[in-house]
Amino acid sequence: MAYTEPMSNTIDKSLFEAHIRELETRWHQALQDNNLDSAVVLADAGMDYFLDDQAAPFRPNPHFAQFFPQRDCAHSALIVRPGETTSLLFFSPEDYWHQPAPLPDWAAVFDVNVHGSEADLTAEIARHISQTPRTAVVGQSASDGNLGGSSNPTALLNHLHYQRAWKSPFELQAMREASALAAAGHTAAAECFSDGGSEFEIHLAYLGAAQLTPDELPYSSIVAVNEHAGVLHYQHYDRNRPARSRSFLIDAGATASGYAADVTRSYAAANETLFGSLISSLDSAQKQLIADIRPGQPYLQLHEKMHHQISAILADHEMLHCSPEAAVTSGISQAFLPHGLGHLIGLQTHDVGGQQLDLQGTQAPPPEQYPALRMTRELSQGMVLTIEPGIYFIPMLLDQLRESPSADAVNWTAVESLISCGGIRIEDNIVITDQAPENMTRDAFDALSSASA
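This text gives an overview of the structure that appears in the document. Quantities reported herein were computed from a predicted structural model and do not represent experimental measurements.

Reading the values: the criteria
Residues numbered from 1 in each chain as written. Predicted model: local features only at pLDDT ≥ 70, side-chain atom pairs only at ≥ 80, totals over all residues. Heavy atoms only, no water. Helix = DSSP H or I, 4+ residues; strand = E, 2+ residues; numbered from the N terminus. Buried < 20%, exposed > 50% of the residue type's maximum accessible area, 1.4 Å probe, protein only. Contact = heavy atoms within 4.5 Å. Polar contact = N/O pair within 3.5 Å; in protein donor to acceptor, adjacent residues only side chain to side chain. Expected span 1.5 Å × (residues − 1). Pairing = 2+ DSSP bridges. Salt bridge = Lys/Arg side-chain N within 4 Å of Asp/Glu carboxyl O. Core = buried A, V, L, I, M, F, W, Y, C linked by side-chain atoms within 4.5 Å. Axes fitted to C-alpha atoms, helices over the stretch in contact; angles between N-to-C directions. Parallel < 35°, antiparallel > 145°, perpendicular 65-115°, else oblique. Left-handed = near helix turned anticlockwise from the far one by under 90°. Nonpolar A, V, L, I, M, F, W, Y, C, P; charged D, E, K, R; others polar.

1. A look at the environment of serine 417
- As for its placement among the helices and strands, serine 417 is situated in the loop between helix 12 (412-416) and strand 12 (423-425).
- The partly exposed category is assigned to serine 417, whose relative accessible area is 33%.
- Here the alpha-carbon distance between serine 417 and phenylalanine 275, two residues 142 residues apart in the chain, equals 9.6 Å.
- For serine 417, the residues in contact, after removing those within four places along its chain, are Arg246 and Leu274.
- A distance of 2.6 Å separates a polar side-chain atom of serine 417 from the backbone oxygen of alanine 414.

2. Some remarks on helix 7 (residues 273-291)
- For helix 7, built from 19 residues, the straight-helix expectation of 27 Å at 1.5 Å per residue is met to within 8% by its first-to-last C-alpha distance of 27 Å.
- All buried positions along helix 7 are accounted for by Phe275, Leu278, Ile279, Leu282, Asp283, Ala285, Gln286, Leu289 and Ile290.

3. Description of the pairing of strand 9 (residues 259-268)
- A large share of strand 9 lies buried, amounting to eight of its ten residues.
- Pairing geometry for strand 8 (residues 247-256) and strand 9, over ten bridges, is antiparallel. Residue pairing for strand 9: phenylalanine 248 is matched across the bridge by tyrosine 267.
- The turn joining strand 8 and strand 9, which pair antiparallel and follow one another in sequence, is formed by two residues; a positive phi near 50° is taken by serine 257.

4. Quick look at the pattern of salt bridges
- In total, this model carries 20 salt bridges according to the counting rule given.
- With its nearest N and O atoms 2.9 Å apart, the salt bridge here joins lysine 13 to aspartate 105. Of this pair, lysine 13 sits in helix 1 (residues 13-33) while aspartate 105 is found in the loop between strand 3 (87-91) and strand 4 (111-115), placing the two residues 92 residues apart along the sequence.
- Aspartate 105 gets classed as exposed once you look at its relative accessible area, which sits at 53%.
- The salt bridge involving arginine 425 is made with glutamate 388; its shortest N-O contact spans 4.0 Å.

5. Here's the deal with the nonpolar core
- Tyr299, Phe336, Leu379, Leu385, Ile387 and Phe393 are the most contacted members of the largest nonpolar core, which has 52 residues in total.
- Mapped by element, the contributors of at least two residues to this core are helix 7, helix 8 (299-316), helix 9 (324-329), helix 10 (332-336), strand 10 (384-387), strand 11 (390-392), helix 11 (395-402) and helix 12.
- Top element by residues in this core is helix 7. It accounts for seven residues.
- Other than its neighbours up to four places away in sequence, phenylalanine 393 contacts Phe275, Leu278, Met319, Phe336, Leu398, Val415, Leu418, Ile419, Gly422 and Gly423.
- If you look at the next biggest cluster of nonpolar residues, it comprises 42 residues, including Trp27, Cys73, Leu160 and Leu347.

6. Remarks on the packing of helix 5 (residues 169-194) against helix 13 (residues 440-452)
- It is the contact of helix 5 with helix 13, at a shortest axis distance of 8 Å, that shows an interaxial angle of 55°. Here helix 5 lies oblique to helix 13, going by the angle between them. The crossing of helix 5 and helix 13 is right-handed. Counting all contacts with helix 5, which are made through Leu172, Met175, Arg176, Ser179, Ala180, Ala183, Ala184, His186 and Thr187, the residues of helix 13 involved are Met440, Thr441, Ala444, Phe445 and Leu448.
- Split by residue class, the contact of helix 5 with helix 13 holds nine nonpolar, four polar and one charged.

7. Section: the sheet that holds strand 7 (residues 222-225)
- If you walk across this open sheet you meet the three strands as 7-8-9, and the pairing is antiparallel. One side of each edge strand has no neighbouring strand; the edge strands of this open sheet are strand 7 and strand 9. Neighbour-to-neighbour, the strand axes of the sheet open up by a mean angle of 15°, direction not taken into account.
- Note: strand 7 against strand 8, four bridges, orientation antiparallel. Across the sheet, the residue bridging to valine 223 is isoleucine 250, located in strand 8.

8. Things to note about the environment of arginine 239
- Counting through the fold element by element, arginine 239 comes out in the loop between strand 7 and strand 8.
- Ignoring sequence-local partners within four residues, the contact set of arginine 239 consists of Ser198 and Phe200.
- A polar atom in the side chain of arginine 239 sits 3.0 Å from the backbone oxygen of tyrosine 237.

9. A look at unusual backbone geometry
- Of note in this structure, glutamine 211 is not a glycine but carries a positive phi near 60°.
- Structurally, the position occupied by glutamine 211 is in the loop between helix 6 (199-210) and strand 7.
- Residue serine 257 is not a glycine yet carries a positive backbone phi of 50°.
- Examined against the element boundaries, serine 257 turns out to sit in the loop between strand 8 and strand 9.
- Assessed through its relative accessible area of 1%, serine 257 is described here as buried.

10. What about the sheet that holds strand 6 (residues 150-151)?
- Overall, mixed pairing links the six strands, which are arranged 4-3-2-1-5-6 in an open sheet. For this open sheet the edge positions go to strand 4 and strand 6, each flanked by a neighbour on one side alone.
- Two strands pair when backbone bridges link them, and strand 1 (residues 38-42) and strand 5 (residues 135-138) are joined in this way by four bridges, in the parallel orientation. Each residue of the ladder has a partner; that of valine 41, found in strand 5, is valine 138.
- In the packing of helix 1 onto the sheet, contacts are made with strand 1, strand 2 (77-80) and strand 5, and the angle to strand 1 comes to roughly 125°.

Set out below in structure tokens:
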């Protein structure tokens, strides 16, 4: 029986061909600007665990994946030369231990050479580099220098990473498809939580509805019930159903054609009125913040605005005895929101270039008071990023706040009553347009709701 691609790998050939031609234009200019005649882009391969013959789940080099949006490509390579169609050296050996990689029909946009031998493929790369000495070799396995050429040249990668922030129509369509898969998974997860499911049961419900295996997720899902929601990257799946469910936070994504969706939702049990009210207020604030986003805004400005909105929410719920402005300037708000507002997203969940200001790689590190901020660039049309504010009740941070000069500004009785709820995060993926952003996440949830009505 022939292998069937996941539903998430359906590809519009016309959009894909336009994407490849645009990508070639970027690469050709980057090579010329860096006095290079070609680039060999390696898919790389899985690495075995130490003292084992089992490999970690394979993820291709993202520079390769931007050209070839399918994970079944280990050991393959691309040769990119200015003025020429990109060559694909596709590895598909005859094998009865594993299913050979199928060559997809959309690969016709490349000059394709199929190799059944890894040695033959490597020899072809070596011949190319010997004939074209000014060649960059890009990929994890390029770092050993065995292939020759220039290994992962920083100047070339800076050029490419800066431009990854702007997505082609093909990339946007893939991310919309990923958002649809994530919305289906989140809906099933919320239902499982309402039925009293354990974290493990919720995790399985998510995978089933999203129709993805764990290896196909862009990151390990965070499935956090009660106080576990106060661990920002909570990594376990409790097999036991909670004796009492107070809250639920799920940060879970999906991939389609190699591109990621990164979505978080928070829920309160029916009798958790204060926590439920905080979720509702944060949801409204997040939607308003997104509605007001326009090109030209510095991302840091949005991050600071959200700190003021979170402080206002806490004050409105009588959890602070000071003004929202005082909560921000004194650092109180950082105890309730210790992470950044969001990040670029695309081929990688935390996509590259979020702190890069130009093609040359000039960096804009986050300010000292917000060290976790991943995005410091100015927003422009075509960027895709997350907006993910949160309000958390983390004992370690609250203990530090209690010992600070600002301790008297906190209603500790109210705050401590919510520690066992952990925290709240609401995360959407948005596309910057010339008007209000496109919210891929909420559009996906709305479409799912309409389809089931």
